[in-house]
Amino acid sequence: LDDFLAAMRARDVDPGRGFTQRRIAADGMGELGLRAGVSALSTALTAERTQFEGRPGAGLGIQYPVRANILRALGEIADVSAVPVLLPYLDDVSGSAFGGFYLPAMDALVKIGLPAVPAIRRWGVAASPLGRTNAAGVLSALESPEFR
């Protein structure tokens, strides 16, 4: 975990390398299911948005959207504590070069599974129409026979 966290926090590397190592570190934490990394990954979502995205350095100022990997990693870890972090991304349809972050957020919520359902239902009550629609998609997937 320490090596992954160091890679996520490094600021003294070439921007192109930094994007790559943060993406790989997020993937590694997710693939290994490192629950101790949930807090660091949640913090990294904000850091990516405020400190890295839209900045020059990795190809004409357009960088790989590391937040997509972070969202997927949170789903792989499958810790219900990540649900409140994931829910606002159900509204994000334009935040990345991939067309937004709603799909990785939906995938992550499905991977967390049935423990996420109460929070999704509560969040959906006040969500935008788009957020409600995406939340309904997650709930529909979770209510399919494979999750029962």
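Residues numbered from 1 in each chain as written. Predicted model: local features only at pLDDT ≥ 70, side-chain atom pairs only at ≥ 80, totals over all residues. Heavy atoms only, no water.

Caption draft 1: Layout of the overall build of the protein chain. Counting its secondary structure elements, the protein chain contains eight helices and zero strands. Listed N to C, the secondary structure of the protein chain is α-α-α-α-α-α-α-α in terms of helices and strands. Counting only residues that meet the buried cut, the protein chain has 46% of its 148 residues in that class. Nonlocal contacts in the protein chain, meaning residues at least 24 apart in sequence, comprise 65% of its contacts between residues at least 6 apart. Surface accessibility of the protein chain: about 7400 Å² in total, with carbon and sulfur atoms responsible for 57%. Charged side chains of the protein chain number 15 positive and 15 negative; the gap between the two group centres comes to 5 Å. (Helix = DSSP H or I, 4+ residues; strand = E, 2+ residues; numbered from the N terminus. Buried < 20%, exposed > 50% of the residue type's maximum accessible area, 1.4 Å probe, protein only. Contact = heavy atoms within 4.5 Å. Areas by Shrake-Rupley, 256 points an atom, 1.4 Å probe, with all protein chains shown as cover. Lys, Arg positive; Asp, Glu negative; His and termini not counted. Charge placed at Lys NZ, Arg CZ, Asp CG, Glu CD.)

Caption draft 2: Here's a closer look at the side chain of Glu48. The topology assignment puts Glu48 in helix 3 (residues 38-52). A distance of 2.3 Å separates the side chain of Glu48 from the side chain of Arg22, its partner in a polar contact. Leaving out residues up to four positions away in the same chain, Glu48 has contacts with Phe19, Arg22, Glu53, Val66, Arg67 and Ile70. (Polar contact = N/O pair within 3.5 Å; in protein donor to acceptor, adjacent residues only side chain to side chain.)

Caption draft 3: Looking closely at the packing of aromatic side chains. Following the criterion strictly, the structure yields one aromatic pair and no others. Their ring planes at 85° and their centres at 6.0 Å tell us that Tyr89 and Phe101 sit as a pair that is edge-to-face. With Tyr89 in the loop between helix 5 (83-86) and helix 6 (102-112) and Phe101 in the loop between helix 5 and helix 6, the pair connects residues that are 12 residues apart, well separated along the chain. Across the pair, exposure class does not vary: Tyr89 and Phe101 are buried alike. The ring of Phe19 is capped by Arg22, whose NZ or CZ atom sits 4.6 Å from the centre of that ring. (Phe/Tyr/Trp six-rings, centres within 6.5 Å; stacked < 30°, edge-to-face > 60°. Lys NZ or Arg CZ within 6 Å of the ring centre and 35° of its normal.)

Caption draft 4: Representation of the packing of helix 1 (residues 2-9) against helix 2 (residues 15-31) within the structure. At a minimum axis distance of 8 Å, the contact between helix 1 and helix 2 shows a crossing angle of 150°. The angle between the axes of helix 1 and helix 2 places the two elements in the roughly antiparallel class. Considering the relative orientation of helix 1 and helix 2, their crossing is left-handed. Between helix 1 and helix 2, the contacting residues are Phe4, Leu5, Ala7 and Met8 on the first element and Gln21, Arg22, Ala25, Ala26, Gly28 and Met29 on the second. (Axes fitted to C-alpha atoms, helices over the stretch in contact; angles between N-to-C directions. Parallel < 35°, antiparallel > 145°, perpendicular 65-115°, else oblique. Left-handed = near helix turned anticlockwise from the far one by under 90°.)

Caption draft 5: Representation of the environment of Gly99 in the model. Inspection of the secondary structure puts Gly99 in the loop between helix 5 and helix 6. The class of Gly99 is partly exposed, set by a relative accessible area of 31%. Sequence separation between Gly99 and Arg11 is 88 residues, and the spatial gap between their C-alpha atoms is 27 Å. Look past the residues within four positions of Gly99 in its chain and what remains in contact with it is Val93 and Ser94.

Caption draft 6: Representation of the nonpolar core in the model. Ranked by internal contacts, the top residues of the largest apolar core, which has 43 residues, are Leu41, Ile70, Leu109 and Ile120. Tallying contributions element by element places helix 4 (residues 66-77) first for this core, with seven residues. (Core = buried A, V, L, I, M, F, W, Y, C linked by side-chain atoms within 4.5 Å.)

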